[in-house]
Amino acid sequence: MTDPATDAAALRSHLDTLTTEGFRPDLADVDTRPTLDIARAMNAGDQAVPAAVAAQLPSIAAAVDAVADRMARGGRLVYAGAGTAGRLGVLDASECPPTFNTDPSQVVGLVAGGPAALVRSVEGAEDSADLAHADLKALELTDADTVVGVSASGRTPYVLAAVAYARDLGALTVGLACNPGSALAAAADHAIEVVVGPEFVTGSTRLKAGTAQKLVLNMISTITMIRLGKTYGNLMVDVRATNDKLRARSHRLVAQATGASDAETAEALAATGGEVKHAILVLLGGVDAATAARLLAAHGGHLRAALAAAAAP
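Model, not experiment: these values are computed from the prediction. (Residues numbered from 1 in each chain as written. Predicted model: local features only at pLDDT ≥ 70, side-chain atom pairs only at ≥ 80, totals over all residues. Heavy atoms only, no water.)

### Comments concerning the pattern of salt bridges
Scanning the model with the defined rule gives nine salt bridges in all. Asp26 is the salt-bridge partner of Arg24, the closest N and O atoms lying 2.7 Å from each other. One salt bridge connects Lys230 with Asp238, and the closest N-O pair in it is separated by 3.4 Å. Across this residue pair, the class does not change: Lys230 and Asp238 are buried. Among the ionic contacts, a cluster of salt bridges with common partners joins Lys230, Asp238 and Lys277. (Salt bridge = Lys/Arg side-chain N within 4 Å of Asp/Glu carboxyl O. Buried < 20%, exposed > 50% of the residue type's maximum accessible area, 1.4 Å probe, protein only.)

What follows is the structure, given as C-alpha coordinates:
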(Lines give C-alpha, C1' and ligand atoms only; values in the text may rest on other atoms or scores of the structure.)
Protein backbone atom coordinates (compact mmCIF):
# COMPACT_ATOMS: atom_id res chain seq x y z
CA MET A 1 0.00 0.00 0.00
CA THR A 2 1.41 3.36 -1.02
CA ASP A 3 1.70 6.35 1.28
CA PRO A 4 -0.55 9.22 0.03
CA ALA A 5 1.87 11.82 1.40
CA THR A 6 4.76 10.21 -0.44
CA ASP A 7 2.73 9.99 -3.64
CA ALA A 8 1.76 13.67 -3.37
CA ALA A 9 5.35 14.71 -2.83
CA ALA A 10 6.46 12.65 -5.83
CA LEU A 11 3.79 14.28 -7.99
CA ARG A 12 4.84 17.77 -6.90
CA SER A 13 8.43 16.90 -7.69
CA HIS A 14 7.43 15.64 -11.13
CA LEU A 15 5.38 18.75 -11.90
CA ASP A 16 8.47 20.82 -11.15
CA THR A 17 10.13 19.23 -14.18
CA LEU A 18 7.36 20.09 -16.65
CA THR A 19 7.73 23.16 -18.86
CA THR A 20 3.95 23.64 -18.90
CA GLU A 21 4.09 24.10 -15.11
CA GLY A 22 6.93 26.62 -15.24
CA PHE A 23 6.77 30.05 -13.61
CA ARG A 24 7.57 33.22 -15.57
CA PRO A 25 9.15 35.79 -13.24
CA ASP A 26 8.69 38.50 -15.87
CA LEU A 27 4.94 38.25 -15.29
CA ALA A 28 5.03 38.37 -11.48
CA ASP A 29 3.48 41.86 -11.48
CA VAL A 30 1.03 41.24 -14.32
CA ASP A 31 -1.99 41.85 -12.12
CA THR A 32 -0.83 45.45 -11.53
CA ARG A 33 -0.46 46.35 -15.21
CA PRO A 34 -2.91 48.20 -17.48
CA THR A 35 -5.25 45.87 -19.35
CA LEU A 36 -3.78 46.72 -22.76
CA ASP A 37 -0.29 45.88 -21.50
CA ILE A 38 -1.54 42.52 -20.19
CA ALA A 39 -3.17 41.78 -23.55
CA ARG A 40 0.04 42.67 -25.39
CA ALA A 41 2.11 40.42 -23.13
CA MET A 42 -0.30 37.54 -23.55
CA ASN A 43 -0.41 37.96 -27.32
CA ALA A 44 3.39 38.12 -27.50
CA GLY A 45 3.67 34.79 -25.69
CA ASP A 46 1.13 33.21 -28.01
CA GLN A 47 3.41 33.87 -30.99
CA ALA A 48 5.51 30.90 -29.89
CA VAL A 49 2.71 28.40 -30.49
CA PRO A 50 2.75 28.16 -34.33
CA ALA A 51 6.54 27.82 -34.30
CA ALA A 52 6.32 24.99 -31.77
CA VAL A 53 3.76 23.24 -33.96
CA ALA A 54 5.93 23.77 -37.04
CA ALA A 55 8.80 21.95 -35.34
CA GLN A 56 6.57 18.86 -35.12
CA LEU A 57 5.22 18.85 -38.68
CA PRO A 58 7.15 15.72 -39.79
CA SER A 59 5.76 13.82 -36.79
CA ILE A 60 2.26 15.15 -37.44
CA ALA A 61 2.42 14.15 -41.10
CA ALA A 62 3.60 10.63 -40.26
CA ALA A 63 0.76 10.24 -37.76
CA VAL A 64 -1.81 11.54 -40.25
CA ASP A 65 -0.71 9.08 -42.94
CA ALA A 66 -1.04 6.23 -40.47
CA VAL A 67 -4.47 7.43 -39.29
CA ALA A 68 -5.74 7.88 -42.86
CA ASP A 69 -4.58 4.37 -43.77
CA ARG A 70 -6.54 2.88 -40.86
CA MET A 71 -9.65 4.95 -41.61
CA ALA A 72 -9.54 4.06 -45.31
CA ARG A 73 -9.87 0.44 -44.19
CA GLY A 74 -12.88 1.20 -42.01
CA GLY A 75 -11.21 2.16 -38.74
CA ARG A 76 -12.29 4.93 -36.40
CA LEU A 77 -10.43 7.91 -35.00
CA VAL A 78 -10.81 8.25 -31.23
CA TYR A 79 -9.51 11.17 -29.16
CA ALA A 80 -8.97 10.59 -25.43
CA GLY A 81 -8.16 13.34 -22.96
CA ALA A 82 -9.01 14.95 -19.64
CA GLY A 83 -10.03 18.51 -18.88
CA THR A 84 -9.18 20.99 -21.63
CA ALA A 85 -7.46 18.32 -23.73
CA GLY A 86 -10.51 16.07 -23.61
CA ARG A 87 -12.89 18.92 -24.43
CA LEU A 88 -10.78 19.88 -27.44
CA GLY A 89 -10.93 16.31 -28.70
CA VAL A 90 -14.71 16.25 -28.34
CA LEU A 91 -14.91 19.59 -30.16
CA ASP A 92 -12.81 18.37 -33.08
CA ALA A 93 -14.77 15.13 -33.35
CA SER A 94 -18.12 16.94 -33.27
CA GLU A 95 -17.12 19.17 -36.20
CA CYS A 96 -16.36 16.26 -38.55
CA PRO A 97 -19.96 15.22 -39.43
CA PRO A 98 -21.13 18.67 -40.61
CA THR A 99 -17.83 19.52 -42.31
CA PHE A 100 -16.95 16.20 -43.93
CA ASN A 101 -20.23 14.28 -43.81
CA THR A 102 -18.70 11.57 -41.64
CA ASP A 103 -20.86 9.27 -39.57
CA PRO A 104 -20.73 10.41 -35.91
CA SER A 105 -19.19 7.04 -35.01
CA GLN A 106 -16.16 7.57 -37.29
CA VAL A 107 -14.48 10.30 -35.23
CA VAL A 108 -15.15 10.12 -31.48
CA GLY A 109 -14.04 12.30 -28.58
CA LEU A 110 -13.69 10.84 -25.09
CA VAL A 111 -13.26 13.10 -22.07
CA ALA A 112 -12.45 11.71 -18.65
CA GLY A 113 -15.63 11.86 -16.59
CA GLY A 114 -17.96 11.63 -19.58
CA PRO A 115 -20.30 14.29 -21.01
CA ALA A 116 -20.69 16.00 -17.64
CA ALA A 117 -16.98 16.88 -17.77
CA LEU A 118 -17.57 19.04 -20.83
CA VAL A 119 -19.09 21.79 -18.70
CA ARG A 120 -17.65 21.21 -15.24
CA SER A 121 -14.73 19.49 -13.58
CA VAL A 122 -15.30 15.85 -12.63
CA GLU A 123 -13.00 15.36 -9.68
CA GLY A 124 -10.60 12.45 -9.91
CA ALA A 125 -11.66 11.37 -13.40
CA GLU A 126 -8.30 12.16 -14.98
CA ASP A 127 -6.54 9.93 -12.45
CA SER A 128 -8.59 6.83 -13.28
CA ALA A 129 -7.20 4.16 -15.58
CA ASP A 130 -10.38 2.16 -15.01
CA LEU A 131 -12.49 4.92 -16.56
CA ALA A 132 -10.32 4.90 -19.68
CA HIS A 133 -10.64 1.15 -20.02
CA ALA A 134 -14.41 1.33 -19.54
CA ASP A 135 -14.80 4.13 -22.10
CA LEU A 136 -12.87 2.24 -24.77
CA LYS A 137 -14.62 -1.04 -23.99
CA ALA A 138 -17.95 0.74 -24.46
CA LEU A 139 -16.77 1.79 -27.94
CA GLU A 140 -15.82 -1.84 -28.68
CA LEU A 141 -12.41 -0.63 -29.80
CA THR A 142 -10.62 -2.91 -32.29
CA ASP A 143 -7.21 -3.15 -33.92
CA ALA A 144 -8.59 -1.28 -36.94
CA ASP A 145 -9.01 1.91 -34.91
CA THR A 146 -6.74 4.77 -33.85
CA VAL A 147 -6.57 6.33 -30.39
CA VAL A 148 -5.03 9.79 -30.06
CA GLY A 149 -4.16 10.50 -26.45
CA VAL A 150 -4.06 14.23 -25.68
CA SER A 151 -2.40 15.53 -22.52
CA ALA A 152 -0.52 18.79 -22.03
CA SER A 153 1.60 17.30 -19.26
CA GLY A 154 2.04 13.99 -21.06
CA ARG A 155 1.44 12.14 -17.78
CA THR A 156 -2.36 12.11 -17.29
CA PRO A 157 -3.26 8.61 -16.02
CA TYR A 158 -6.57 8.45 -17.94
CA VAL A 159 -4.79 9.22 -21.21
CA LEU A 160 -1.85 6.89 -20.58
CA ALA A 161 -4.25 4.08 -19.75
CA ALA A 162 -6.30 4.73 -22.91
CA VAL A 163 -3.19 4.55 -25.09
CA ALA A 164 -1.91 1.41 -23.34
CA TYR A 165 -5.30 -0.31 -23.68
CA ALA A 166 -5.48 0.59 -27.37
CA ARG A 167 -1.95 -0.55 -28.07
CA ASP A 168 -2.57 -3.89 -26.34
CA LEU A 169 -5.46 -4.44 -28.76
CA GLY A 170 -3.28 -3.63 -31.75
CA ALA A 171 -4.92 -0.28 -32.46
CA LEU A 172 -2.79 2.58 -33.78
CA THR A 173 -1.82 5.07 -31.06
CA VAL A 174 -0.76 8.72 -31.20
CA GLY A 175 0.42 10.73 -28.20
CA LEU A 176 0.01 14.51 -28.27
CA ALA A 177 1.77 16.28 -25.38
CA CYS A 178 3.30 19.68 -24.65
CA ASN A 179 6.37 18.54 -22.71
CA PRO A 180 9.50 16.87 -24.05
CA GLY A 181 10.35 13.30 -23.12
CA SER A 182 6.82 12.60 -21.90
CA ALA A 183 5.48 9.25 -20.76
CA LEU A 184 2.67 9.65 -23.30
CA ALA A 185 5.09 10.04 -26.20
CA ALA A 186 6.98 6.96 -25.06
CA ALA A 187 3.78 4.93 -24.84
CA ALA A 188 2.41 5.75 -28.31
CA ASP A 189 3.28 4.54 -31.80
CA HIS A 190 3.50 8.15 -32.99
CA ALA A 191 4.71 10.91 -30.67
CA ILE A 192 3.88 14.59 -31.17
CA GLU A 193 5.40 16.85 -28.51
CA VAL A 194 4.59 20.52 -29.07
CA VAL A 195 6.67 22.33 -26.46
CA VAL A 196 5.18 25.78 -25.90
CA GLY A 197 6.87 26.61 -22.60
CA PRO A 198 5.43 28.10 -19.39
CA GLU A 199 1.89 29.42 -19.48
CA PHE A 200 0.84 33.06 -19.10
CA VAL A 201 -1.02 32.03 -15.95
CA THR A 202 1.22 29.42 -14.35
CA GLY A 203 -0.02 25.90 -14.99
CA SER A 204 -3.16 26.97 -16.90
CA THR A 205 -2.71 24.64 -19.86
CA ARG A 206 -5.93 25.77 -21.49
CA LEU A 207 -3.81 28.66 -22.82
CA LYS A 208 -0.77 28.04 -25.05
CA ALA A 209 -0.91 24.28 -24.62
CA GLY A 210 -4.61 24.27 -25.44
CA THR A 211 -4.01 26.41 -28.52
CA ALA A 212 -1.25 24.06 -29.68
CA GLN A 213 -3.47 21.02 -29.14
CA LYS A 214 -6.30 22.64 -31.11
CA LEU A 215 -3.96 23.40 -34.02
CA VAL A 216 -2.63 19.85 -34.11
CA LEU A 217 -6.08 18.27 -33.83
CA ASN A 218 -7.22 20.52 -36.70
CA MET A 219 -4.37 19.10 -38.77
CA ILE A 220 -5.00 15.48 -37.83
CA SER A 221 -8.69 15.51 -38.70
CA THR A 222 -8.55 17.87 -41.68
CA ILE A 223 -5.58 16.34 -43.48
CA THR A 224 -6.88 12.84 -42.79
CA MET A 225 -10.16 13.82 -44.43
CA ILE A 226 -8.27 15.29 -47.39
CA ARG A 227 -6.42 11.98 -47.77
CA LEU A 228 -9.79 10.17 -47.65
CA GLY A 229 -11.15 12.25 -50.54
CA LYS A 230 -13.42 14.44 -48.46
CA THR A 231 -12.29 17.58 -50.31
CA TYR A 232 -11.78 18.62 -53.92
CA GLY A 233 -8.75 20.86 -53.78
CA ASN A 234 -9.55 23.00 -50.76
CA LEU A 235 -13.31 22.81 -51.25
CA MET A 236 -15.20 20.83 -48.60
CA VAL A 237 -17.31 18.93 -51.09
CA ASP A 238 -18.66 16.44 -48.56
CA VAL A 239 -20.33 19.16 -46.50
CA ARG A 240 -23.68 18.15 -45.03
CA ALA A 241 -26.22 20.86 -45.89
CA THR A 242 -28.47 20.84 -42.84
CA ASN A 243 -29.43 24.52 -42.68
CA ASP A 244 -29.92 27.55 -44.94
CA LYS A 245 -26.31 28.72 -44.57
CA LEU A 246 -24.92 25.32 -45.50
CA ARG A 247 -27.31 24.99 -48.45
CA ALA A 248 -26.10 28.36 -49.70
CA ARG A 249 -22.52 27.25 -49.14
CA SER A 250 -23.18 24.03 -51.08
CA HIS A 251 -24.41 26.08 -54.03
CA ARG A 252 -21.30 28.26 -53.89
CA LEU A 253 -19.00 25.25 -53.67
CA VAL A 254 -20.48 23.65 -56.79
CA ALA A 255 -20.26 26.95 -58.67
CA GLN A 256 -16.65 27.51 -57.54
CA ALA A 257 -15.61 24.01 -58.60
CA THR A 258 -17.34 24.05 -61.98
CA GLY A 259 -17.86 27.64 -63.08
CA ALA A 260 -21.50 26.74 -63.76
CA SER A 261 -24.27 29.32 -63.75
CA ASP A 262 -26.68 29.64 -60.84
CA ALA A 263 -29.38 27.83 -62.80
CA GLU A 264 -27.06 24.97 -63.82
CA THR A 265 -25.77 24.65 -60.27
CA ALA A 266 -29.27 24.56 -58.80
CA GLU A 267 -30.37 21.95 -61.35
CA ALA A 268 -27.40 19.70 -60.61
CA LEU A 269 -27.92 19.95 -56.85
CA ALA A 270 -31.62 19.18 -57.23
CA ALA A 271 -30.83 16.13 -59.38
CA THR A 272 -28.33 14.79 -56.83
CA GLY A 273 -30.36 15.43 -53.69
CA GLY A 274 -28.14 18.32 -52.63
CA GLU A 275 -24.92 16.29 -52.73
CA VAL A 276 -22.12 18.71 -53.62
CA LYS A 277 -19.63 16.09 -54.79
CA HIS A 278 -22.21 14.37 -56.98
CA ALA A 279 -23.37 17.67 -58.47
CA ILE A 280 -19.79 18.60 -59.40
CA LEU A 281 -19.33 15.25 -61.11
CA VAL A 282 -22.58 15.71 -63.04
CA LEU A 283 -21.44 19.10 -64.30
CA LEU A 284 -17.75 18.41 -64.95
CA GLY A 285 -18.08 14.76 -65.96
CA GLY A 286 -21.14 15.15 -68.15
CA VAL A 287 -22.93 12.23 -66.48
CA ASP A 288 -26.34 11.83 -64.91
CA ALA A 289 -26.94 11.70 -61.16
CA ALA A 290 -27.16 7.91 -61.01
CA THR A 291 -23.87 7.49 -62.89
CA ALA A 292 -22.22 10.08 -60.64
CA ALA A 293 -23.30 8.13 -57.56
CA ARG A 294 -22.02 4.86 -59.07
CA LEU A 295 -18.64 6.32 -60.04
CA LEU A 296 -18.09 7.89 -56.64
CA ALA A 297 -18.99 4.65 -54.87
CA ALA A 298 -16.61 2.73 -57.14
CA HIS A 299 -13.75 5.10 -56.30
CA GLY A 300 -14.23 5.35 -52.55
CA GLY A 301 -15.71 8.83 -52.73
CA HIS A 302 -12.61 10.36 -54.36
CA LEU A 303 -13.96 12.96 -56.78
CA ARG A 304 -10.78 13.32 -58.86
CA ALA A 305 -10.67 9.57 -59.49
CA ALA A 306 -14.38 9.55 -60.39
CA LEU A 307 -13.87 12.45 -62.81
CA ALA A 308 -10.99 10.61 -64.46
CA ALA A 309 -13.21 7.54 -64.85
CA ALA A 310 -16.01 9.64 -66.34
CA ALA A 311 -13.57 11.08 -68.89
CA ALA A 312 -12.12 7.69 -69.83
CA PRO A 313 -13.16 6.28 -73.22
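Now that the structure has been shown, we can carry on.
### Quick look at the sheet that holds strand S1 (residues 77-81)
Judged by pairing direction, the sheet is parallel, and its five strands sit side by side in the order S2-S1-S3-S4-S5 without closing on themselves. Bordering the open sheet on either side are strand S2 (107-111) and strand S5 (190-193), each of which pairs with just one other strand. Adjacent strand axes in the sheet meet at a mean angle of 15 degrees, parallel and antiparallel pairs treated alike. One ladder, built from six bridges, connects strand S3 (residues 146-151) with strand S4 (residues 172-177); its direction is parallel. Looking at the pairing, Gly149 lines up with Gly175 of S4. (Pairing = 2+ DSSP bridges. Helix = DSSP H or I, 4+ residues; strand = E, 2+ residues; numbered from the N terminus. Axes fitted to C-alpha atoms, helices over the stretch in contact; angles between N-to-C directions.)

### Remarks on the nonpolar core
Counting 34 residues, the largest nonpolar core has Leu77, Tyr79, Val107, Ile192, Val194, Val216 and Ile220 as the members making the most contacts within it. Of all the secondary structure elements, the ones that give two or more residues to this core are helix H3 (48-54), helix H4 (57-72), S1, helix H5 (83-100), S3, S4 and helix H9 (208-227). With residues near it in sequence (within four places) discarded, Leu77 still touches Val67, Met71, Gln106, Val107, Val108, Thr146, Val148 and Ile220. With 23 residues, the next largest nonpolar core counts Val78, Tyr158, Ala162 and Ala171 among its residues. (Core = buried A, V, L, I, M, F, W, Y, C linked by side-chain atoms within 4.5 Å. Contact = heavy atoms within 4.5 Å.)

### A look at the packing of H5 against H9
Geometrically, a packed helix pair is captured by the angle between its two axes and the distance between the axes. One way to put it is that H5 packs onto H9 with a least axis distance of 10 Å and a crossing angle of 30 degrees. Judged by the angle between their axes, H5 and H9 are roughly parallel. Relative to H9, H5 is oriented so that their crossing is right-handed. Between H5, through Thr84, Ala85, Leu88, Gly89, Leu91, Asp92, Cys96 and Phe100, and H9, the contact on the second element is made entirely by Gly210, Gln213, Lys214, Leu217, Asn218, Ser221, Thr222 and Met225. Classifying every residue of the contact of H5 with H9 by side-chain character gives seven nonpolar, seven polar and two charged. (Parallel < 35°, antiparallel > 145°, perpendicular 65-115°, else oblique. Left-handed = near helix turned anticlockwise from the far one by under 90°. Nonpolar A, V, L, I, M, F, W, Y, C, P; charged D, E, K, R; others polar.)

### Quick notes on unusual backbone geometry
In this structure, Asn101 takes a positive phi of about 60 degrees despite not being glycine. Assessed through its relative accessible area of 25%, Asn101 is described here as partly exposed. Even without being a glycine, Glu140 presents a positive backbone phi close to 55 degrees. Within the secondary structure layout, Glu140 lies in the loop between helix H6 (129-138) and S3. Take Glu140: its relative accessible area is 62%, and that puts it in the exposed class.

### Considerations on the side chain of Thr102
Of note, Thr102 is situated in the loop between H5 and S2. Looking at Thr102, the relative accessible area reads 1%, which means it is buried. A distance of 3.4 Å separates the side chain of Thr102 from the backbone oxygen of Cys96, its partner in a polar contact. Discounting chain neighbours no more than four positions away, the residues touching Thr102 are Cys96, Pro97, Met225, Lys230 and Arg240. (Polar contact = N/O pair within 3.5 Å; in protein donor to acceptor, adjacent residues only side chain to side chain.)

### Structural notes on the environment of Ser121
Turning to its location among the elements, Ser121 is positioned in the loop between S2 and H6. For Ser121, a relative accessible area of 53% corresponds to the exposed category. Spatially, the C-alpha atom of Ser121 lies 25 Å from that of Val194, the residues being 73 residues apart in sequence.

### Overview of the packing of H6 against helix H7 (residues 157-169)
Where H6 meets H7, the closest approach of the two axes is 8 Å, and the angle between their N-to-C directions is 45 degrees. What the angle tells us is that H6 and H7 run oblique. Here H6 and H7 pass one another in a crossing that is right-handed. Of the residues in H7, those touching H6 at Ala129, Leu131, Ala132, His133, Asp135, Leu136 and Lys137 are Tyr158, Ala161, Ala162 and Tyr165. Tallied by class, the residues present in the contact of H6 with H7 amount to eight nonpolar, one polar and two charged.

On their own, these measurements won't tell you what the molecule is for.
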